[in-house]
Amino acid sequence: MAHKGLRFVLQSVFIAHPMDESNPLIEQRRSKLASLRSEGVDPFRAKFTPSEPCANSHSDFVEGRAVAVAGRLVSLRDMGKTTFAHVKDQSGALQLFVRKDDVGEAAYARFRHLDLADFVGARGTLFKTKTGEISVRVSEYVVLAKALRPPPAKWHGLSDTETRYRQRYLDLMSNDEVRETFLKRSAIVHEIRAFLHRRGFAEVETPMMQAIPGGAAARPFVTRHNTFGRDFFLRIALELYLKRLLVGGIDRVFEMGRNFRNEGISRRHNPEFTMLEAYQAYGDYETMMELCQSLICHVAQMVLGTLRIEHKDADGGVIRTIDLTPEWRRARYKDLVREKAGDDWFKIVPQQRRERAAKLGIDLAAAGEDFEVTSAVFEKLIEPTLIQPTFVTHLPKELVPLAKISGDDPDTVEVFECCINGQEIAPAYTEQNDPIEQRERLQHQAGGEQQKLDEDFLVALEHGMPPAGGIGIGIDRLCMMLLGQESIRDVILFPQLKPRDEPASPSPLAP
RNA sequence: GCCUCGGUAGCUCAAUGGUAGAGCAGUUGACUCUUAAUCAAUUGGUUCUAGGUUCAAGUCCUAGCCGGGGUACCA
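Source: prediction; values computed, not measured. (Residues numbered from 1 in each chain as written. Chains lettered and ligands numbered in written order. Predicted model: local features only at pLDDT ≥ 70, side-chain atom pairs only at ≥ 80, totals over all residues. Heavy atoms only, no water.)

## As for the domain arrangement of chain A
Frequently, the measure chosen for interface size is the accessible area that the parts lose on association.
Here comes step 1: The domain boundaries assigned to chain A delineate domain 1 (6-157) and domain 2 (175-328 + 388-490).
Here comes step 2: Its C-alpha centre places domain 1 at a distance of 45 Å from the equivalent point of domain 2. (Domains from an automatic or database assignment.)

This is the structure in structure tokens:
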């Protein structure tokens, strides 16, 4: 055998090698497929048009009404000459009542030997069984697709975390609440777009492959364009292109799409994540504050029907309740820091700040500059405690090079960070539109590396950008907050996992 | 990257260093209103991988792979 020497780390029948007919469960299903074909039934060529989704039979029940339904077989109870089965489609499950006398001997025998997870279509009439369950009295059925591998356990569902993420389709088919979560995520994304369109924002698409990845400080992914013979970077933010559009006269503009950051993976970080950025000309950060609050409340109300969101532990106990009812709290960054680290925090000398931060249990290994010490205090001790929606305003200017200096405190910028559920969900600024000051601050950030400066963006600013408010909303984190999920992997359909096919190796692209 | 916990039948899980088990699923049979159907019988294992200790390893040791949690990196 050519593949005899290969070893497969995961022995699961779900992932196993395509040729492993040696597994008896697969072998049996293949042989059932063969016998169907020998009877002249090809389950992969059948045509069938359902009259309605399965759940319709419940909402629109009329005794004796003719229906045609299709779905995956999720239960099969053979009573001898009568068989009960449930088929399930996206709307839900519906019971089929199949009698030998109704469908004929050959078809009945065939039905009894269908497997769980096969797809079938059935025609018949609606009725209620003795126990009152709405069902279809089947007069004829067709096999629509044979499943050659067994589904996860019908009662326990699938709980192995790794299989759930690697083969999400199994998770979706066996865990209803998971499917609900992702359908709600879809609804959230839809409502965000609807909200912004109503407010006159135009949705655009800007380059994901960029020569200079800007708009944030993050390590990018590298990719290569063969014809140009040069490397590109996957974008780390949307900002600089959307601002070019403000220059071009698109006054209300947004993009919702993937950003890529080449950093560690955690419960809160996926290398590719979905970001909404929206810019409104002639607005400022206060404009965006109103937009942020209205947008999130609108989405919660439309998708969840409530502004109170309960997060639960594995046993169903409520860990915390988030109340989105406006108006959301506003707090100045410095006030929050003083509250936690002492009223005199900003009066003492930098060395004293380091000592005090260390005493508070902060690891300062990465904090070189003084403002980074304060930032560490905020991120470690304050942000995690901001469960209820809070707009943190007046951040130190060093943290945000793309925002305007505050009128009432020149050390700070006109910015807010909207924190909910202990995480930063949305930063927003009064955008910097002074091209000279912008150039200085970006140059300062780039350090000596001149090639990192997006000259084209700076030229655009010199053509004049209207004053504007801008906001970025992390859609994955927003979904975690709204859908009560504690891990970003549970709101991303296919979270990034380490590939199993070959060992990690140095990249030819690596610098 | 580091710390820590985990990987056993298709699924969910057991198993003092001493014959690798159960429930469900599957297979065969009975049953024309079941619904986690029931009843009878029955198949199914490279215990993640590779070494090591031992008379004997799922269990102990070492290394690796993959995953969860934490931490680091992340304006």
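## Brief notes about the packing of helix 13 (residues 435-446) against helix 14 (residues 455-462)
Here comes step 1: Where helix 13 contacts helix 14, the two axes come as close as 9 Å, and the packing angle between them is 160°. What the angle tells us is that helix 13 and helix 14 run roughly antiparallel. Handedness of the crossing formed by helix 13 with helix 14: right-handed. Residues Pro435, Gln438, Arg439 and Leu442 of helix 13 form the contact with helix 14, whose participating residues are Glu455, Phe457, Leu458, Leu461 and Glu462.
Here comes step 2: When the residues that make up the contact of helix 13 with helix 14 are grouped by side-chain class, the tally is five nonpolar, one polar and three charged. (Axes fitted to C-alpha atoms, helices over the stretch in contact; angles between N-to-C directions. Helix = DSSP H or I, 4+ residues; strand = E, 2+ residues; numbered from the N terminus. Parallel < 35°, antiparallel > 145°, perpendicular 65-115°, else oblique. Left-handed = near helix turned anticlockwise from the far one by under 90°. Contact = heavy atoms within 4.5 Å. Nonpolar A, V, L, I, M, F, W, Y, C, P; charged D, E, K, R; others polar.)

## A short note on the packing of helix 10 (residues 333-341) against helix 12 (residues 370-382)
Two numbers describe a pair of packed helices, the interaxial angle and the distance between the axes.
Here comes step 1: Across the interface, helix 10 lies against helix 12 with an axial gap of 10 Å and an inter-helix angle of 75°. With respect to helix 12, the axis of helix 10 lies roughly perpendicular. Two secondary-structure elements touch here, helix 10 through Tyr333, Leu336, Val337, Lys340 and Ala341 and helix 12 through Thr374, Ser375, Val377, Phe378, Leu381 and Ile382.
Here comes step 2: Residue composition of the contact of helix 10 with helix 12, by class: eight nonpolar, two polar and one charged.

## Examining helix 8 (residues 239-247)
Here comes step 1: Along helix 8, the residues classified as buried are Glu239, Leu240, Leu242, Lys243, Arg244 and Leu246.
Here comes step 2: Buried-residue contacts for helix 8 involve strand 10 (252-260), strand 11 (272-281), strand 17 (423-430), helix 14 and strand 18 (468-474).
Here comes step 3: Once helix 8 ends, the next one or two residues include glycine 249, with phi positive near 100°. (Buried < 20%, exposed > 50% of the residue type's maximum accessible area, 1.4 Å probe, protein only.)

## Overview of the layout of surface pockets
Here comes step 1: One number sums up the size of the second largest pocket: a volume of about 770 Å³.
Here comes step 2: The set of elements that each furnish at least two residues to the lining of the second largest pocket consists of helix 6 (168-174), helix 7 (176-198), strand 12 (308-312) and helix 15 (475-483).
Here comes step 3: No other element matches the six residues that helix 7 contributes to the lining of the second largest pocket.
Here comes step 4: Considering only residue class, the lining of the second largest pocket consists of eight nonpolar, five polar and 11 charged. (1 Å grid on protein atoms, 1.4 Å probe; cavity = no way out; pocket = protein on both sides within 12 Å on 5 of 7 lines; lining within 4 Å. Points joined across faces, edges and corners; volume = space filled by probe spheres on them.)

## What about the packing of aromatic side chains?
Here comes step 1: Evaluated as defined, the whole model comprises seven aromatic pairs.
Here comes step 2: Here arginine 137 stacks its cationic end above the ring of phenylalanine 127, 4.3 Å away from the centre of that ring.
Here comes step 3: Against the face of phenylalanine 232 rests arginine 230, its NZ or CZ located 5.4 Å from the ring centre. (Phe/Tyr/Trp six-rings, centres within 6.5 Å; stacked < 30°, edge-to-face > 60°. Lys NZ or Arg CZ within 6 Å of the ring centre and 35° of its normal.)

## Considering the protein's contact with RNA strand B
Here comes step 1: As a matter of local geometry, RNA strand B sits amid 56 residues, with Gln28, Thr131, Lys154, Glu162 and Ala217 nearest to it.
Here comes step 2: Elements with a minimum of two residues in the surface near RNA strand B: helix 1 (24-38), strand 1 (66-78), strand 2 (82-89), strand 3 (92-99) and helix 5 (161-166).
Here comes step 3: Sorting elements by how many residues they give to the surface near RNA strand B places helix 5 first, with four residues.
Here comes step 4: Residue classes in the surface near RNA strand B are distributed as 18 nonpolar, 17 polar and 21 charged. (Near = heavy atom within 4 Å.)

## So, the sheet that holds strand 5 (residues 134-145)
Here comes step 1: The strand order around the closed barrel built from five strands is 1-2-3-5-4, with neighbouring strands paired in mixed fashion. Sheet twist, expressed as the average angle between the axes of neighbouring strands with direction ignored, equals 55°.
Here comes step 2: Pairing analysis gives seven bridges linking strand 1 to strand 4 (residues 119-128), with the strands arranged antiparallel. In the sheet register, glycine 71 faces strand 4, and the bridge partner there is valine 120.
Here comes step 3: Contacting strand 1, strand 2, strand 3 and strand 5, helix 4 (residues 105-112) runs over the sheet at an angle of about 60° to strand 2. (Pairing = 2+ DSSP bridges.)

## Things to note about the pattern of salt bridges
Here comes step 1: Taken as a whole and assessed by the stated rule, the structure comprises 37 salt bridges.
Here comes step 2: For aspartate 171, the salt bridge identified is with arginine 168, shortest N-O distance 2.8 Å. Taken together, the positions of aspartate 171 and arginine 168, both in helix 6 and three residues apart, correspond to about one turn of that helix. Assigned by exposure class, aspartate 171 and arginine 168 land together as buried.
Here comes step 3: Put simply, Lys32, Asp115, Asp118 and Lys146 are held in one network by salt bridges that share partners. (Salt bridge = Lys/Arg side-chain N within 4 Å of Asp/Glu carboxyl O.)

## With respect to the state of the cysteines
Each disulfide consists of a covalent bond between the sulfur atoms of two cysteine residues.
Here comes step 1: Scanning the model with the defined rule gives zero disulfides in all.
Here comes step 2: Cysteine 292 supplies the cysteine sulfur nearest to cysteine 418, a cysteine that is in no disulfide, at a spacing of 4.0 Å.
Here comes step 3: Looking at cysteine 419, it has no disulfide partner, and the nearest cysteine sulfur is the one in cysteine 418, 6.9 Å off. (Disulfide = S-S within 2.5 Å.)

## Re unusual backbone geometry
Here comes step 1: Of note, the bond from proline 326 into glutamate 327 is cis; its omega dihedral lies within 30 degrees of zero at -5°.
Here comes step 2: Although it is not a glycine, alanine 117 sits at a positive phi angle of roughly 90°.
Here comes step 3: On the secondary structure map, alanine 117 appears in the loop between helix 4 and strand 4.
Here comes step 4: The phi angle at histidine 394 is positive, at roughly 55°, despite the residue not being glycine.
Here comes step 5: Among the secondary structure elements, histidine 394 is positioned in strand 15 (residues 390-396).
Here comes step 6: Since its relative accessible area comes to 9%, histidine 394 is described here as buried.

## Quick look at the confidence of the model for chain A
Here comes step 1: For chain A, per-residue confidence averages 90 on the pLDDT scale, and residues scoring 70 or more make up 93% of the total.
Here comes step 2: The element-level mean pLDDT for chain A is lowest in helix 13, coming to 86, with strand 6 (residues 202-203) highest at 98.
Here comes step 3: Between residues 1-13, whose pLDDT stays under 50, and residues either more than four places distant or in other chains, the model counts eight contacts.
Here comes step 4: Long-range and interchain partners of residues 15-19, a stretch whose pLDDT sits below 50, account for eight contacts in this model, where long-range means more than four residues apart.
Here comes step 5: Listed scores for the predicted complex are pTM 0.92 and ipTM 0.92. (pLDDT = per-residue confidence, 0-100.)

## Quick look at the sheet that holds strand 7 (residues 209-210)
Here comes step 1: In spatial order, the strands read 7-9-8; together these three strands make up an open sheet with antiparallel pairing. Where the open sheet ends on each side, the last strands, each with one partner, are strand 7 and strand 8 (222-225).
Here comes step 2: Alignment of strand 8 against strand 9 (residues 230-234), held across four bridges, turns out to be antiparallel. Its bridge partner lying in strand 9, threonine 223 is registered against phenylalanine 232.

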